[in-house]
Amino acid sequence: MTRGMVTRKDVAQRAGVSETIVSYVLNNNRYVDKNKRERVLQAVKELNYHPNSIARALKGKKTNHIVFIADNISTEHFSQLIAVMDHYAYDKGYLISLISNRNNDDFVEQIISRQCDGIIVSSLSIPEAYIRRFTDVGIPVVVLQNRDYQDLSGAAIIQTGLYGGARDGVSYLAEQGRKHIIYVDRFSGRGHFSDRSDYRLHGYFDEMEARGLPTHVITGCIDPAQTAHAVAEYCRSHPVDAILGRSDKVACIAMQAVMDIGLRVPQDIAVVGFDNSSLSQYMRPTMTSIEIQRDPIGKAAVDMLDQMLNGGEVPAPQEFHTRLIRRESA
């Protein structure tokens, strides 16, 4: 059975339920028994049924709704970014929702079944296959690229400058004579840690290796306390004269940890964070941080999506660069 031949009736027959139940599940507008719901979603997957693209093709219907998928929606970075997107989206007649990535098939089907007009993705952990699934059913997608992907040919791409920003951070520290620069990764209770596909970590490794400097990454920590302990223990037993944090938050945790064991910032250890959040400006000492161009990036994401939604081709990739904001910590 080809995708074009699959109907809601086919899904109902495969799942052993009525077409009404299928409709309730796909539209998520009525309570459905968990077992029936799972059978419907499994049938949708097995039959490769895409109600979103079919409905759009038959009805030409727009919802004027954009979904922004991120890993951690509680961070200041994403709240500021979506504020920018909301401003530009509203001016074009769209409403935008910020949603935390769940990283499972049910999450993908929920997004598809809600029939949003377009999706913006900024998530390290979302599998590439999920992004392709969105584009395969005809949903325009813009990806704020923060890691390497194999093939996102169906999506519009924005390079946010993270790789170059990390290299700039290392360069700034190295040019001060710092030779033992460690990288502090994010903490995660769900095991989401960075590898070299992450542009921030990739940039750190490439610049350190280009300068012939030794590398070390503090990673695998589940919470702030474990991160602080790991940083303190490493700095007690190894020569460390600088820290590059994956975010301002982890850089702040690392900075407090080294100060708690009697080291001075920046005299003994310089610290550079990422994102230029309010935290970096109000802590003491104030923190040098790498700033992402949220306003032009947010505007570009909305403009690219709007272009695709109005019948245009997938826009050419856009690239932005970060800026190093110098403060007291480095």
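These remarks concern the structure in this document. (Residues numbered from 1 in each chain as written. Predicted model: local features only at pLDDT ≥ 70, side-chain atom pairs only at ≥ 80, totals over all residues. Heavy atoms only, no water.)

**So, helix H10 (residues 224–237)**
- Counted at 1.5 Å a residue, the expected span for H10 with its 14 residues is 20 Å, and the 20 Å between its end C-alpha atoms agrees.
- Where H10 is buried, its residues touch strand E6 (181–184), strand E7 (217–218), strand E8 (242–245) and helix H11 (248–260).
- At the N-terminal boundary of H10, the capping side chain belongs to Asp223, with an oxygen 3.3 Å from the backbone nitrogen of Ala225. (Helix = DSSP H or I, 4+ residues; strand = E, 2+ residues; numbered from the N terminus. Expected span 1.5 Å × (residues − 1). Contact = heavy atoms within 4.5 Å. Polar contact = N/O pair within 3.5 Å; in protein donor to acceptor, adjacent residues only side chain to side chain.)

**Some details on the packing of aromatic side chains**
- Inspection of the entire model under this criterion finds three aromatic pairs.
- Pairing Tyr183 with Tyr204 gives two aromatic rings, centres 5.4 Å apart and planes at 40°, and the pair type is tilted. Of this pair, Tyr183 sits in strand E6 while Tyr204 sits in helix H9 (residues 199–210), placing them 21 residues apart in sequence.
- Ring pairing ties together the aromatic residues Tyr183, Tyr204 and Phe205, which thus form one cluster. (Phe/Tyr/Trp six-rings, centres within 6.5 Å; stacked < 30°, edge-to-face > 60°.)

**Notes on H11**
- Helix length check: H11 (13 residues) gives 18 Å between terminal C-alpha atoms against 18 Å at 1.5 Å per residue, within 8%.
- Inspection of H11 places Asp248, Val250, Ala251, Ile253, Ala254, Met255, Ala257 and Val258 among the buried residues, and these make up the whole buried set.
- Those residues of H11 that are buried lie in contact with E6, H10, E8, strand E9 (270–274), helix H12 (278–282) and strand E10 (288–291).
- Immediately downstream of H11, the backbone of Gly262 shows phi near 95°, a positive value. (Buried < 20%, exposed > 50% of the residue type's maximum accessible area, 1.4 Å probe, protein only.)

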